[in-house]
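# Architecture at a glance
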Amino acid sequence: MSASIVATDLTYAYGDQIAVDGISVAVDPGEVLGFLGPNGAGKSTTIKMLTGQLSPRSGTIEVLGMPMPAQRTAIQQRIGVCFEEKNLYLTMTGLENLRFFAGLFGLRDVDSRALLERVDLADRAKDRVSQYSKGMRQRLMMARALVNSPDVLFLDEPTDGLDPVSARSIREVIRQEARRGAAILLTTHDMMEADTLSDRVAFINEGQILALDTPERLKLAHGSRSVRIRTRGPADEVAERVIALDGADSDDAVGEAMRAGDVLTIHTEEATLEDVFVHFAGRGLQS
């Protein structure tokens, strides 16, 4: 199976400022790749090159087996994008926005109402987008990205501004699209979201990819595991102890903690993707 996205040694600069410095990445059909990094790390510039909005200074891009930007028009017919900038037509209704966008692809048989159903906007289909909340506009952007049943999806913070219920709904749409076979490149600051949705994650900082692997392997290889034990003693006092599980004497330490009193709770804890990013970059995603 050929990768849907293949980028090799991409570089880009704004004047003398290097924004992307030799990035190579590939995304397979049906795969969700989480693209994680702080603001200014090079995520948006990379996506703009992959979608044909910018031409790389050097390096090569293939999307669906076609070179970008040489075959930009053919590629853009088969991709979907959902960016943070919500370039919707505010005086049109949600339904009109989807139908208009489908028309740009030359599509006449798109079930726009079904797309609105998928993002929980069916009951607001005939309302002008100017009356939509920020979260509703974000959901409409997601629906718009799907009008052409894309083979590749580029999603930039797709759950930004959504309440927990709506965010859960959009995550399920993303999973459905991956199961359908779409290759998905997802940028997000939400480490839990990246961990839950991504088959692999790429950490990017200062224009370079620092690590690329599955969330599980990254956390096991570069994080630490621990167990948190809370006990109640004879005088009704509550004690809590956190024990690293990677040490040679961890079994003895856990047994000792559990014998110290009545066990109230035991929780195992593992490294988070945020911890792993700090390990590589020396700073957090919000730094």
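Our subject is the structure listed above.
The notes below deal with the structure included here. All values reported here derive from a predicted model rather than from experimental measurement.

## Remarks on the overall build of the protein chain
- The secondary structure content of the protein chain amounts to 10 helices and 13 strands.
- Across its three principal axes, the protein chain shows a C-alpha extent of roughly 75 × 45 × 35 Å.
- Per-residue burial for the protein chain yields a buried fraction of 45% across its 287 residues.
- At a minimum sequence separation of 6, the contacts of the protein chain that also span at least 24 residues come to 66%.
- Of the roughly 14100 Å² of accessible surface on the protein chain, 47% is carried by carbon and sulfur atoms.
- For the protein chain, the centre of its 32 positive side-chain charges and the centre of its 42 negative side-chain charges are spaced 8 Å apart.

## A word on the packing of aromatic side chains
- Under the definition given, this model contains four aromatic pairs.
- Pairing Tyr12 with Tyr14 gives two aromatic rings, centres 5.0 Å apart and planes at 70 degrees, and the pair type is edge-to-face.
- Residue class for Tyr12 comes out buried when judged on its relative accessible area of 15%.
- Over the ring of Phe101 we find Arg144; its NZ or CZ atom is 4.5 Å from the centre of that ring.

## Things to note about helix H3 (residues 94-104)
- Every buried residue of H3 is accounted for by Gly94, Leu95, Asn97, Leu98 and Ala102. The buried residues of H3 all sit within an arc of 160 degrees when viewed along its axis, so they share a single face. More than 90 degrees from the buried face of H3, the exposed residues found are Arg99 and Leu104.
- Turning to H3, the residues buried within the fold contact helix H4 (112-118) and helix H5 (134-145).
- With its phi angle positive at about 75 degrees, Gly106 sits one or two positions after the end of H3.

## Observations concerning unusual backbone geometry
- Between Met68 and the following residue, Pro69, the backbone shows a cis peptide bond with an omega angle of 10 degrees.
- With respect to the helices and strands, the residue Pro69 is situated in the loop between strand S5 (66-68) and helix H2 (72-76).
- For Leu64, which is not glycine, the phi dihedral falls at a positive 55 degrees.
- As for its placement among the helices and strands, Leu64 is situated in the loop between strand S4 (58-63) and S5.
- Phi at Glu206 takes a positive value of approximately 50 degrees, unusual for a residue other than glycine.
- The topology assignment puts Glu206 in the loop between strand S9 (200-205) and strand S10 (208-213).

## Observations regarding the sheet that holds S5
- Here we have four strands laid out as an open sheet, ordered S2-S1-S4-S5, and antiparallel in their pairing. Two strands bound the open sheet, and with one partner strand each, they are strand S2 (17-27) and S5. Here the average twist between neighbouring strands, direction ignored, is 30 degrees.
- Across five bridges, the pairing between strand S1 (residues 5-14) and S4 is antiparallel. Considered in S4, the bridge of Thr11 is made with Ser58.
- Sheet strands touched by helix H1 (residues 43-50): S1, S2, S4 and S5. Its angle to S1, the strand with the most contacts, is close to 120 degrees.

## Some details on the pattern of salt bridges
- Enumeration over the complete set of coordinates arrives at 15 salt bridges.
- A salt bridge links Asp195 to Lys219, with the shortest nitrogen-to-oxygen separation between them at 2.7 Å. Linking Asp195 in helix H7 (residues 191-197) with Lys219 in helix H8 (residues 215-222), this pair joins segments that are 24 residues apart in sequence.
- On the accessibility criterion, Asp195 (24% relative accessible area) is partly exposed.
- Shared partners join several salt bridges into a network, and the residues in it are Arg118, Glu177 and Arg180.

## With respect to the sheet that holds strand S3 (residues 32-36)
- Taken in spatial order, the six strands line up as S6-S7-S8-S3-S9-S10 in an open sheet, and their pairing is mixed. What marks the edges here is a single partner per strand, and that holds for strand S6 (79-82) and S10. Averaged over all neighbouring strand pairs, the angle between strand axes comes to 15 degrees, with direction disregarded.
- Note: S3 against strand S8 (residues 183-187), four bridges, orientation parallel. In the strand pairing of S8, Gly34 is matched with Leu186.
- Along the sheet, H1 makes contact with S3, strand S7 (152-156), S8 and S9, crossing S8 at roughly 150 degrees.
- Lying on the sheet, helix H6 (residues 164-180) is in contact with S3, S7 and S8; it crosses S8 at an angle near 150 degrees.

About the thresholds
- Residues numbered from 1 in each chain as written.
- Predicted model: local features only at pLDDT ≥ 70, side-chain atom pairs only at ≥ 80, totals over all residues.
- Heavy atoms only, no water.
- Helix = DSSP H or I, 4+ residues; strand = E, 2+ residues; numbered from the N terminus.
- Buried < 20%, exposed > 50% of the residue type's maximum accessible area, 1.4 Å probe, protein only.
- Contact = heavy atoms within 4.5 Å.
- Areas by Shrake-Rupley, 256 points an atom, 1.4 Å probe, with all protein chains shown as cover.
- Lys, Arg positive; Asp, Glu negative; His and termini not counted.
- Charge placed at Lys NZ, Arg CZ, Asp CG, Glu CD.
- Phe/Tyr/Trp six-rings, centres within 6.5 Å; stacked < 30°, edge-to-face > 60°.
- Lys NZ or Arg CZ within 6 Å of the ring centre and 35° of its normal.
- Arc of directions from axis to C-beta.
- Pairing = 2+ DSSP bridges.
- Axes fitted to C-alpha atoms, helices over the stretch in contact; angles between N-to-C directions.
- Salt bridge = Lys/Arg side-chain N within 4 Å of Asp/Glu carboxyl O.

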